[in-house]
Amino acid sequence: MKRVYSSIIIAGILICMAVAILLIVPTPARPVVTFVYNGEKGDFGYLDSAYLGLILARDDFDFISREILWDGSDSQDPVIGDDGKRADLVLILGDMMGGYAETFAEKYRETPIVVIDAGPVPGDSIRSVSFSMYGASYLAGVLAANQTKTEKIGVIAAKDAPVISSFTDGFADGVYSRNPDAEVSIIYLADDDTGFTMPEKAAEVARSMFADGIDLIFTVAGGSGPGAITAAKELPGLLIIGVDSDQSELAPKTVIASVVKRVDHVVYDEIQAAFSGRPMGGEDVIGLLDGGSALILNPRFPEIGNLIEERYSEAAEREAEYLLQNESG
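Residues numbered from 1 in each chain as written. Predicted model: local features only at pLDDT ≥ 70, side-chain atom pairs only at ≥ 80, totals over all residues. Heavy atoms only, no water.

A. Highlighting unusual backbone geometry. Here Asp117, not a glycine, exhibits a phi torsion of approximately 70°, which is positive. You can call Asp117 buried: its relative accessible area is 8%. (Buried < 20%, exposed > 50% of the residue type's maximum accessible area, 1.4 Å probe, protein only.)

B. Region of interest: the confidence of the model for the protein. Chain-level pLDDT for the protein is 89 on average; 90% of the residues reach the 70-or-more range. Low pLDDT (under 50) marks residues 1–5, which in the prediction has 0 contacts with non-local residues, meaning those over four places away or in another chain. (pLDDT = per-residue confidence, 0-100. Contact = heavy atoms within 4.5 Å.)

C. Expanded view of the packing of aromatic side chains. If you walk through the whole model with that rule in mind, you get 11 aromatic pairs. With a centroid separation of 5.4 Å and an interplanar angle of 45°, the aromatic rings of Phe61 and Tyr268 are classed as tilted. On the criterion of sequence distance, the pair formed by Phe61 in helix H2 (residues 46–61) and Tyr268 in helix H8 (residues 263–275) is long-range, its members being 207 residues apart. Judged by relative accessible area, which is 24%, Phe61 ranks as partly exposed. Taking 5.8 Å as the distance between ring centres and 75° as the angle between the ring planes, the aromatic pair formed by Phe63 and Phe275 counts as edge-to-face. Here Phe63, found in the loop between H2 and strand S2 (64–69), pairs with Phe275, found in helix H8; they are 212 residues apart in sequence, far enough to count as distant. (Phe/Tyr/Trp six-rings, centres within 6.5 Å; stacked < 30°, edge-to-face > 60°. Helix = DSSP H or I, 4+ residues; strand = E, 2+ residues; numbered from the N terminus.)

D. Molecular detail of the sheet that holds strand S11 (residues 282–286). With respect to topology, 6 strands assemble into an open sheet ordered S2-S1-S3-S4-S5-S11, the strand pairing being parallel. Strands at the two margins of the open sheet, each flanked by one partner only, are S2 and S11. Averaged over neighbouring strand pairs, the angle between their axes works out to 15° when direction is ignored. As paired strands, strand S3 (residues 89–93) and strand S4 (residues 113–116) are joined by 4 bridges and run parallel to one another. Looking across to S4, one finds that Val90 is bridged to Ile113. Of the strands in this sheet, strand S1 (32–37), S3, S4, strand S5 (126–131) and S11 are in contact with H8, which crosses S3 at around 160°. (Pairing = 2+ DSSP bridges. Axes fitted to C-alpha atoms, helices over the stretch in contact; angles between N-to-C directions.)

E. Local environment of the pairing of strand S9 (residues 239–243). The buried fraction of S9 is high, at 5 of 5 residues. Taking every second residue as pointing to the same face, both faces of S9 are buried, with Leu239, Ile241 and Val243 on one and Ile240 and Gly242 on the other. Direction of pairing for strand S8 (residues 216–220) relative to S9: parallel, over a ladder of 3 bridges. Bridging across to S9, Phe218 finds its partner in Ile241. Relative to strand S10 (residues 255–261), S9 runs parallel, the two being bridged by 4 bridges. From the neighbouring strand, Gly242 faces S10, where its bridge partner is Ser258.

F. Expanded view of the pattern of salt bridges. This model, assessed by the stated rule, comprises 13 salt bridges. Lys159 is the partner of Asp193 in a salt bridge, and the nearest nitrogen-oxygen pair spans 2.6 Å. Highlighted residues: Asp193 in the loop between strand S7 (183–188) and helix H6 (199–211) and Lys159 in the loop between strand S6 (152–157) and helix H5 (162–178), separated in sequence by 34 residues. Take Asp193: its relative accessible area is 28%, and that puts it in the partly exposed class. Notably, a salt bridge pairs Glu270 with Arg278, separated by 2.8 Å at the nearest N-O pair. Overall, Glu270 belongs to the buried group, its relative accessible area being 6%. When salt bridges that share partners are traced, they join Arg127, Glu270, Arg278 and Asp284 into one network. (Salt bridge = Lys/Arg side-chain N within 4 Å of Asp/Glu carboxyl O.)

G. The packing of H2 against H8, seen in detail. For the pair H2 and H8, interaxial distance at closest approach is 7 Å and the crossing angle is 35°. With respect to the hand of their crossing, H2 and H8 are arranged in right-handed fashion. On the side of H2, the interface is formed by Tyr46, Ser49, Ala50, Leu52, Gly53, Leu54, Leu56, Ala57, Asp60 and Phe61, while H8 contributes Val263, Asp264, Val267, Tyr268, Ile271, Gln272 and Phe275. Here the contact of H2 with H8 is built from residues that sort into 12 nonpolar, 3 polar and 2 charged. (Left-handed = near helix turned anticlockwise from the far one by under 90°. Nonpolar A, V, L, I, M, F, W, Y, C, P; charged D, E, K, R; others polar.)

Structural data, given as structure tokens:
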């Protein structure tokens, strides 16, 4: 019996020692990633794609994500949270927040900040990643020229700005490469970023374009695009090429393809690289060949796949030329 009691006492002592060690040795803190965005989730596009990348990365790298819906001011600190915890990485989505990123990069020089979908932002700790959408949009233009019956093609764009230009330039060049006699009409919804959140106006423009004989519309207008898609479902013969994510689910018989920014891939890759110890700062432009953009075809239209495959290399070459021209000019 004494041996049994001794064994029990020893086991108890060992358990107490193990518990004490656990209490003394702290569990490593999980890293914190702040995600700053503007807009509303559930846009079936750009923001939803970015958020998907964040969730996938969080599952794989086990960090705490902190979200900030940007209100247009510098009042929201992306580095130090309300709980006092410091972010290990800040992801900022959109070129309109370049000034915001610069402000906090100056304040927190040792915290890496990545601005996605933006041109270069001053600051040694800021990395910027921008997309060239020329190549994927070129393929969309080739597709549009192949599908139109009236040879009249429309583009509904949020605003006239560099962030939109690679879409519209690539699309128009793709159309004319296949059919020089086609007409491409571009309508901008606004002079500022409100053009990305005007679905009713986009629907109105789509109806007007259809009345003018346009039978295919490329939407480059973020959250406004679904308005044009909804209108197109009620206009027989009008086809849509969507943007930002595969929008064929919104109208399977109407949306024949979508030009997408692989924001989900970029968000994931930037988190992975930051956690792997990549140096801060720098800039990058990614496009068709880098996997930063793509033309996603609606599987209900299988006959168009070969056409796009045949012109893929051409689109990539034209994109490289376009980027070189814009760099030098």
